[in-house]
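# Residue-level structure breakdown
Each chain, letter by letter, is given below.
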Amino acid sequence: MKLKVREGAAITLDTKETGHQRDNQIVWTFGLESPTIRIASQSRKEQKTDYVKQFRDRLQLDVQTGCLTIIELTIADSGNYQFQTFGSKISSLNFHLTVYSE
C-alpha cells in the first residue's frame, strides 16, 4: 500500500485487523529499500516501541488491532514498513510511505 503524507503530520498504518491481537506476537519493521529494522513489537508480556532512536517517543502501537501510529513525521520516515503477526494465524502487510515537505 502506497501512502503520501505531509511532514509534521501523523499517520496510522492500518493493519485491517479487527480481532484482539493481545495473544499474538506483532512485529513492525522499517527500511529505505527493505523493511529489516525492527521498530515496534508486542508480545503477551511486553510492548516495545523504542528500538530505534529515529522513532523514539513518536510511535503508538494499538494493542487491539496492531495498527502503528507515527506522529510528527519527518522526511527521514519515508520508506518501507512491514507489519507481521504470529499467533492463531500468520499475516503480513507492506506499506510504502513518502513524507513530503511543503
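Up top is the structure.
Residues numbered from 1 in each chain as written. Predicted model: local features only at pLDDT ≥ 70, side-chain atom pairs only at ≥ 80, totals over all residues. Heavy atoms only, no water.

Glancing now at the pattern of salt bridges. Tallied over the entire structure, the rule returns three salt bridges. In this structure, R6 engages E102 in a salt bridge whose closest nitrogen and oxygen atoms are separated by 3.5 Å. With R6 in strand β1 (residues 2–6) and E102 in the segment after β9 (91–100), the pair connects residues that are 96 residues apart, well separated along the chain. Residue R6 is classed as partly exposed on the basis of its relative accessible area, which comes to 38%. The exposure class assigned to E102 is exposed, which follows from its relative accessible area of 81%. Ionic pairing is found between R58 and D77, a salt bridge with its closest N-O pair at 2.9 Å. Of this pair, R58 sits in the loop between β5 (47–48) and β6 (59–61) while D77 sits in the loop between β7 (68–70) and β8 (79–86), and the two are 19 residues apart along the sequence. For the pair formed by R58 and D77, the shared burial category is buried. (Salt bridge = Lys/Arg side-chain N within 4 Å of Asp/Glu carboxyl O. Helix = DSSP H or I, 4+ residues; strand = E, 2+ residues; numbered from the N terminus. Buried < 20%, exposed > 50% of the residue type's maximum accessible area, 1.4 Å probe, protein only.)

Note on placement: P35 falls in the loop between β3 (25–31) and β4 (37–42). Taking the C-alpha atoms as reference, P35 lies 21 Å from K89; in sequence the two are 54 residues apart. Ignoring any residue separated from it by four or fewer positions in sequence, one finds P35 in contact with T29, F30, N80, Y81 and Q82. (Contact = heavy atoms within 4.5 Å.)

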